[in-house]
Amino acid sequence: KQEVTQIPAALSVPEGENLVLNCSFTDSAIYNLQWFRQDPGKGLTSLLLIQSSQREQTSGRLNASLDKSSGRSTLYIAASQPGDSATYLCAVKPQAGGTSYGKLTFGQGTILTVHP
Amino acid sequence: NAGVTQTPKFRILKIGQSMTLQCTQDMNHNYMYWYRQDPGMGLKLIYYSVGAGITDKGEVPNGYNVSRSTTEDFPLRLELAAPSQTSVYFCASSLVRQGTGELFFGEGSRLTVL
């Protein structure tokens with residue numbers, strides 16, 4: 001059974017800092033990994049999607065990397081801003097085939113607070 | 001584009017009542033999912049569907065039912081509501097095989113069972 005763990009559970013940083021959020025998974029047979037942002041009381045917004053054949057994806061100040069063999073992904077946020085404050089979740093989609101296809105597994109999330 | 005639309009956004013039920021959470025997507029996605037999110041917890045998969053007429057159980061299917069008669073719609077039915085079903089429910093969809101498999105979420109439906 002796939003298990004996804006996010007570390008740290010919460011993070012508080014001053015504005016302007018560069019920071020790293022971690023996501024680890026136990027089964028490396030994945031189709032893709034996706035990072036989401038969730039604001040309080042809102043739905044999830046997709047930030048970055050990394051296919052299993054890719055090593056990283058970038059969007060603006062965000063960079064996500066994937067190391068399938070070690071079961072890890074990191075989300076790097078450059079020059080953090082108060083508007084980045086939210087919960088960040090990673091989710092893993094298993095490879096095609098078998099009974100687990102379609103059953104995404106989410107981490108518990110990292111609550112990020114960026115203070116001015 | 002509307003994307004993934006869920007209704008209602010809020011609902012209060014009494015124990016034993018039934019209701020249906022509606023979900024529709026206009027992106028012609030083949031996969032659709034229902035998740036629940038409890039406070040301080042991650043998302044847990046209730047049911048998912050790989051296409052019209054095909055559904056399968058996720059991690060926590062007990063107390064729920066789904067159907068997928070069309071590509072666009074994936075309603076979630078709660079029979080005999082219980083306090084343990086108080087949660088925020090999210091519907092999501094993705095285009096798999098023909099697309100990247102990126103997941104798109106609705107805004108959520110907050111359900112309270114009293």
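Everything that follows concerns the structure shown earlier in this document.
Residues numbered from 1 in each chain as written. Chains lettered and ligands numbered in written order. Predicted model: local features only at pLDDT ≥ 70, side-chain atom pairs only at ≥ 80, totals over all residues. Heavy atoms only, no water.

S.K.: What should I look at first to understand the overall build of chain A in this one?
M.R.: Across its full length, chain A holds zero helices and 11 strands. Its helices and strands in sequence order give chain A the pattern β-β-β-β-β-β-β-β-β-β-β, from N to C terminus. Overall size of chain A, expressed as C-alpha extent along the three principal axes, is 50 × 30 × 20 Å. In chain A, buried positions account for 43% of the 116 residues. When contacts within chain A are restricted to residue pairs at least 6 apart in sequence, those whose partners lie at least 24 apart make up 56%. With the model as given, the accessible surface of chain A reaches about 5400 Å², and the carbon-plus-sulfur share is 49%. Taken as two groups, the 9 positive and 8 negative side-chain charges of chain A have centres that lie 9 Å from each other. (Helix = DSSP H or I, 4+ residues; strand = E, 2+ residues; numbered from the N terminus. Buried < 20%, exposed > 50% of the residue type's maximum accessible area, 1.4 Å probe, protein only. Contact = heavy atoms within 4.5 Å. Areas by Shrake-Rupley, 256 points an atom, 1.4 Å probe, with all protein chains shown as cover. Lys, Arg positive; Asp, Glu negative; His and termini not counted. Charge placed at Lys NZ, Arg CZ, Asp CG, Glu CD.)

S.K.: Whenever I open this one, the pairing of strand β1 (residues 4–7) of chain A confuses me. Can you help?
M.R.: Successive residues of a regular strand alternate their side chains across the two faces of the sheet. Residues and elements named next belong to chain A. By the alternation rule, side chains of β1 split into Val4 and Gln6, which are all buried, and Thr5 and Ile7, of which none is buried. Sheet analysis places β1 next to strand β3 (residues 19–25), joined by four bridges and oriented antiparallel. What sits directly across from Val4, in β3, is Phe25. (Pairing = 2+ DSSP bridges.)

S.K.: Mind showing me how you'd approach the packing of aromatic side chains here?
M.R.: Given two aromatic rings, their pairing is described by the distance between the two centres and the angle made by the two planes. Across all of its chains, the model carries nine aromatic pairs over all chains by this definition. Centroid distance Phe36 of chain A to Phe105 of chain B: 5.3 Å. Interplanar angle 90°. Geometry classified as edge-to-face. Linking Phe36 of chain A in strand β4 (residues 30–38) with Phe105 of chain B in strand β10 (residues 104–105), this pair reaches from one chain into another. Residue class for Phe36 of chain A comes out buried when judged on its relative accessible area of 0%. Every member of this aromatic cluster is reached through a ring pair, and the members are Phe36 and Phe106 of chain A together with Tyr31, Tyr33, Tyr35, Phe90 and Phe105 of chain B. Taking NZ or CZ as reference, Lys93 of chain A lies 5.6 Å from the ring centre of Tyr31 of chain B, over its face. (Phe/Tyr/Trp six-rings, centres within 6.5 Å; stacked < 30°, edge-to-face > 60°. Lys NZ or Arg CZ within 6 Å of the ring centre and 35° of its normal.)

S.K.: I keep staring at the side chain of Gln2 of chain A and nothing clicks. Help me out?
M.R.: All names here are of chain A. Topologically, Gln2 is positioned in the segment before β1. When its relative accessible area of 16% is taken as the criterion, Gln2 is described as buried. Polar side-chain contacts of Gln2 include one of 2.9 Å to the backbone nitrogen of Thr26. There is a polar contact of 2.8 Å between the side chain of Gln2 and the backbone nitrogen of Asp27. Excluding residues that lie within four positions of it along the chain, Gln2 makes contacts with Phe25, Thr26, Asp27, Ile30, Val92 and Thr105. (Polar contact = N/O pair within 3.5 Å; in protein donor to acceptor, adjacent residues only side chain to side chain.)

Any functional reading would require information that these geometric values do not contain.
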